[in-house]
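An overview of the molecular structure
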Amino acid sequence: MSSAVETAFEQQFGRPPVFVSKAPGRIEFIGNHTDYNGGEVLGAAVDRFLRVAVAPREDSKVQFASEGNPEVVAFADAQSALDRASGWVKYPLGVLALLAREGIQPQDGFDFFVTSEIPAGAGLSSSAAFELASSIAFEALAGKELDRLERVRLCRRAENEVVGVPCGILDQGVSGFGEAGRLVHIDCSSETIETVEGPEHTRLWIFESGKKHNLVDSMYAERNRECCEAFDLLKKRYQRIQFLVDVTPEELMAAQGDLPEKVFLRARHIIEEHLRVQESVRLLAKGDLKGVGELLCASHWSSSRYFENSIEELDTLVELLSASNGVYGARLTGGGFGGAVMALCTESFSDEDAKAVADQYAAKYDHDPRFRGMAIAEGAGRVL
Ligand code: ADP
Ligand code: MG
């Protein structure tokens, strides 16, 4: 049976695709702003996939289509595509450009179709899934295959350098390395990636606040600067440190007088959050989901009080979820200053339970939050 992307490809281009790839969306499970501080982070690939179908052409033409965009974006050849890329085709073309630098190139032109179950801009990183699925498809067209970690790094560079979004390795790492029922554990200081025991008999739920701070990029940059300032000041006292997370909580307390108050609070969040990730891995291995849930909530309130990257709406969602049956814990997920809350729930937490939370939120903010429950799924790969 052919999949939706194969049917869509065939309808668009009048012949079946030759290769099909897919990549999942991802959730930041715990590890908030730890990535650029050399810390650890845990992520979950979820059962919402973006799929790419391709077929080589006999001429040099390069054509892109997406089910969401009726117009086919066509170029005379790959070089002119790379020179003129703009809009959504930047995601696959960024990957194509970086693969070419590695000597991995489709021989001729190609047709390309993308379909997706991952809502864009909803905190599930559709962009990373788009890059990974594109890379796998282009590698197939070129008759070469990258090692998984190389692919993840290349896709991250494409997002950083071509799209211009300074994301960490979490998005691509989790979409690339996901395994059903397991979480992806990334040490951002060495960029090593492994999977660990996931929470059994659970579902992950995402609630979108529908709010976004209008200064989110500059707020993010400010937090980044404050963390750098904390590191520089702490390095004077603790010369051995290479990253902010190398400072222990006791050392931070001893150095409190060296730091402006806000900078101290930011450092406290990062240093404790890094330890919460490590503790989560230990508790997951023991199957202590109650303990993991407590860490998720602690992560949220640390974000809210110390890192100040929450907003009232996210705090409300976490409070409502914490008071619901079948919820182990909840926290803001991703950069913050708006966006979404993730909850770790029992399998019996139902759509009606989620609706009850959403209704209470709607009563307070006059906005129906979108929500969805997801299972922890396998990472990116070839389908055909
Ligand atoms: P996210 O948090 O989902 O990663 P981004 O803004 O980083 O949000 O990436 C979303 C962008 O990725 C969209 O604006 C679009 O350009 C591109 N994209 C994602 N999915 C698709 C798709 N199915 N078809 C075309 N473009 C897509
Ligand atoms: Mg993105």
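Residues numbered from 1 in each chain as written. Chains lettered and ligands numbered in written order. Predicted model: local features only at pLDDT ≥ 70, side-chain atom pairs only at ≥ 80, totals over all residues. Heavy atoms only, no water.

The next thing to look at is unusual backbone geometry. One non-glycine residue, Glu191, adopts positive backbone phi at about 55°. Relative to the helices and strands, Glu191 is located in the loop between strand 6 (182–187) and strand 7 (192–197). Positive phi, close to 55°, is recorded for His201, a residue that is not glycine. Within the secondary structure layout, His201 lies in the loop between strand 7 and strand 8 (202–212). Classification of His201 as exposed rests on a relative accessible area of 55%. (Helix = DSSP H or I, 4+ residues; strand = E, 2+ residues; numbered from the N terminus. Buried < 20%, exposed > 50% of the residue type's maximum accessible area, 1.4 Å probe, protein only.)

Attention shifts here to the site of ligand 1. Lining the immediate surroundings of ligand 1 are 14 residues, of which Ser66, Gly121, Ser125, Ser126 and Ser127 lie closest. In this structure, a nitrogen atom belonging to ligand 1 sits 2.8 Å away from a side-chain N or O atom of Ser66. Ser126 places a polar side-chain atom, nitrogen or oxygen, 2.7 Å from an oxygen atom of ligand 1. For ligand 1, the protein covers 72% of the area, taking 560 Å² as the surface of the free molecule. Contributions of two or more residues to the shell around ligand 1 are made by strand 5 (110–116) and helix 4 (126–142). Tallied by class, residues from the shell around ligand 1 come to seven nonpolar, seven polar and no charged. (Near = heavy atom within 4 Å. Polar contact = N/O pair within 3.5 Å; in protein donor to acceptor, adjacent residues only side chain to side chain. Areas by Shrake-Rupley, 256 points an atom, 1.4 Å probe, with all protein chains shown as cover. Nonpolar A, V, L, I, M, F, W, Y, C, P; charged D, E, K, R; others polar.)

Here we come to the side chain of Ser324. Along the polypeptide, Ser324 turns up in the loop between helix 11 (312–322) and strand 9 (327–333). For Ser324, a relative accessible area of 17% corresponds to the buried category. A polar contact of 2.9 Å, which involves the side chain of Ser324, links it to the backbone oxygen of Leu320. When residues no more than four places from it in sequence are discounted, the contact partners of Ser324 are Phe349 and Val357. (Contact = heavy atoms within 4.5 Å.)

Further remarks concern the pairing of strand 9. Summarising burial for strand 9: six of the seven residues are buried, a large majority. Relative to strand 10 (residues 338–346), strand 9 is paired through six bridges, and the arrangement is antiparallel. Along strand 10, the bridge assignment pairs Arg331 with Met342. (Pairing = 2+ DSSP bridges.)

To continue, consider the sheet that holds strand 8. Taken in spatial order, the four strands of this open sheet run 9-10-8-11, and their pairing is antiparallel. Because the sheet does not close on itself, it has two edges, and the strands there are strand 9 and strand 11 (371–374). Here the average twist between neighbouring strands, direction ignored, is 20°. Where strand 8 meets strand 11, four bridges bridge the pair, whose relative direction is antiparallel. Among the inter-strand pairings, Trp205 is bridged to a residue of strand 11, identified as Gly373. (Axes fitted to C-alpha atoms, helices over the stretch in contact; angles between N-to-C directions.)

If you look at the biggest cluster of nonpolar residues, it comprises 70 residues, and the most contacted ones within it are Phe29, Leu42, Val52, Phe64, Phe112 and Phe138. Examining the composition of this core, we find that nine residues originate from one element, helix 4, more than from any other. Structurally, this core is a two-domain feature, drawing no fewer than three residues from each of domain 1 (4–196) and domain 2 (202–374). Ignoring sequence-local partners within four residues, the contact set of Leu42 consists of Ile27, Glu28, Phe29, Ile30, Leu183, Val184, His185, Val196, Val277, Ser280, Val281 and Leu284. Core analysis: the next-biggest nonpolar cluster, separate from the first, contains 20 residues, Leu314, Leu320, Ala343 and Phe349 among them. (Core = buried A, V, L, I, M, F, W, Y, C linked by side-chain atoms within 4.5 Å. Domains from an automatic or database assignment.)

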